[in-house]
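Here are the chains, one letter per residue:
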Amino acid sequence: MTGSWITRPETAADLGPIREVNLAAFPTPHEADLVEALRADPAAWLPGLSWVAQQPGGPVTGFSLLTRCHVDGAAALALGPCAVRPEAQRLGAGSAAIRAGLDAAREQGENLVLVLGHATYYPRFGFVPASRYGIKAPFDVEDQYMMALVFDPARPVPSGTIRYPAAFGV
């Protein structure tokens with residue numbers, strides 16, 4: 001596999017392949033089930049913010065999802081789950097899907113994206129500790145793992161506690 005990735009929003013034909021990517025990437029079906037629960041939640045699901053990456057003519061290999069969350073009542077986005085088929089990890093499919101999703105969110109006028117994830121991976125996209133904005137998770141987590149990305153720092157950024165969609169179970 002090369003690092004040449006095509007990214008696009010998910011289509012109805014991608015639902016099975018997206019589930020397969022998540023099942024392959026994680027040790028339990030939790031993330032695959034979470035994606036389906038978020039897709040079924042009209043308060044969380046935002047059209048055009050579920051992205052796949054694939055090589056030309058190849059199967060869906062990478063996936064990223066942005067859904068609606070809130071920071072003390074203000075709208076924000078939660079990034080995740082994100083997944084890549086194990087045999088294609090570290091080849092850029094995940095980064096391509098994440099970048100495409102973030103670009104789409106910016107184009108839709110969103111300004112704040114939150115992610116709970118690897119402290120050495122997400123800063124490449126511009127994420128910084130969410131605490132810099134006075135944002136905290138609704139559970140205990142080390143500061144370095146709860147991150148925020150603000151597209152336009154000239155716009156107001158809410159502070160407070162994140163409220164995730166019900167599917168996250170927090």
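That block above? That's the structure.
Residues numbered from 1 in each chain as written. Predicted model: local features only at pLDDT ≥ 70, side-chain atom pairs only at ≥ 80, totals over all residues. Heavy atoms only, no water.

Chemist: Looking at this model, I keep getting lost on the overall build of the chain. Mind explaining?
Modeler: A count of helices and strands for the chain gives three helices and nine strands. Along the chain, helices (α) and strands (β) appear in the sequence β-α-α-β-β-β-α-β-β-β-β-β when read from the amino end. Along the first, second and third principal axes, the C-alpha set of the chain runs to 45 × 30 × 30 Å. Taken over 170 residues, the chain has a buried fraction of 48%. Of all intrachain contacts in the chain linking residues separated by at least 6 positions in sequence, the fraction that spans at least 24 positions is 68%. Distance between charge centroids for the chain: 4 Å, based on 13 positive and 16 negative side chains. (Helix = DSSP H or I, 4+ residues; strand = E, 2+ residues; numbered from the N terminus. Buried < 20%, exposed > 50% of the residue type's maximum accessible area, 1.4 Å probe, protein only. Contact = heavy atoms within 4.5 Å. Lys, Arg positive; Asp, Glu negative; His and termini not counted. Charge placed at Lys NZ, Arg CZ, Asp CG, Glu CD.)

Chemist: In this structure, what is going on with the packing of helix α1 (residues 15-25) against helix α2 (residues 30-39)? I would like to understand it.
Modeler: Working note: a packed helix pair is described by the angle between its axes plus the distance between those axes. In contact at an axis separation of 8 Å, α1 and α2 are set at 145 degrees when each is read in the N-to-C sense. Side by side, α1 and α2 meet where L15, I18, R19, N22 and L23 of the first sit next to E31, A32, D33, V35, E36 and R39 of the second. Tallied by class, the residues present in the contact of α1 with α2 amount to five nonpolar, one polar and five charged. (Axes fitted to C-alpha atoms, helices over the stretch in contact; angles between N-to-C directions. Nonpolar A, V, L, I, M, F, W, Y, C, P; charged D, E, K, R; others polar.)

Chemist: Help me out: how do you make sense of the pattern of salt bridges in this one?
Modeler: Side-chain pairs of opposite charge can arise whenever the charged atoms involved come near each other. What the rule picks out here adds up to seven salt bridges. D14 is paired through a salt bridge with R8; the nearest N and O atoms lie 2.5 Å apart. The closest approach of N and O atoms between E10 and R39, which form a salt bridge, is 2.8 Å. Of this pair, E10 sits in the loop between β1 (6-9) and α1 while R39 sits in helix α2, placing them 29 residues apart in sequence. (Salt bridge = Lys/Arg side-chain N within 4 Å of Asp/Glu carboxyl O.)

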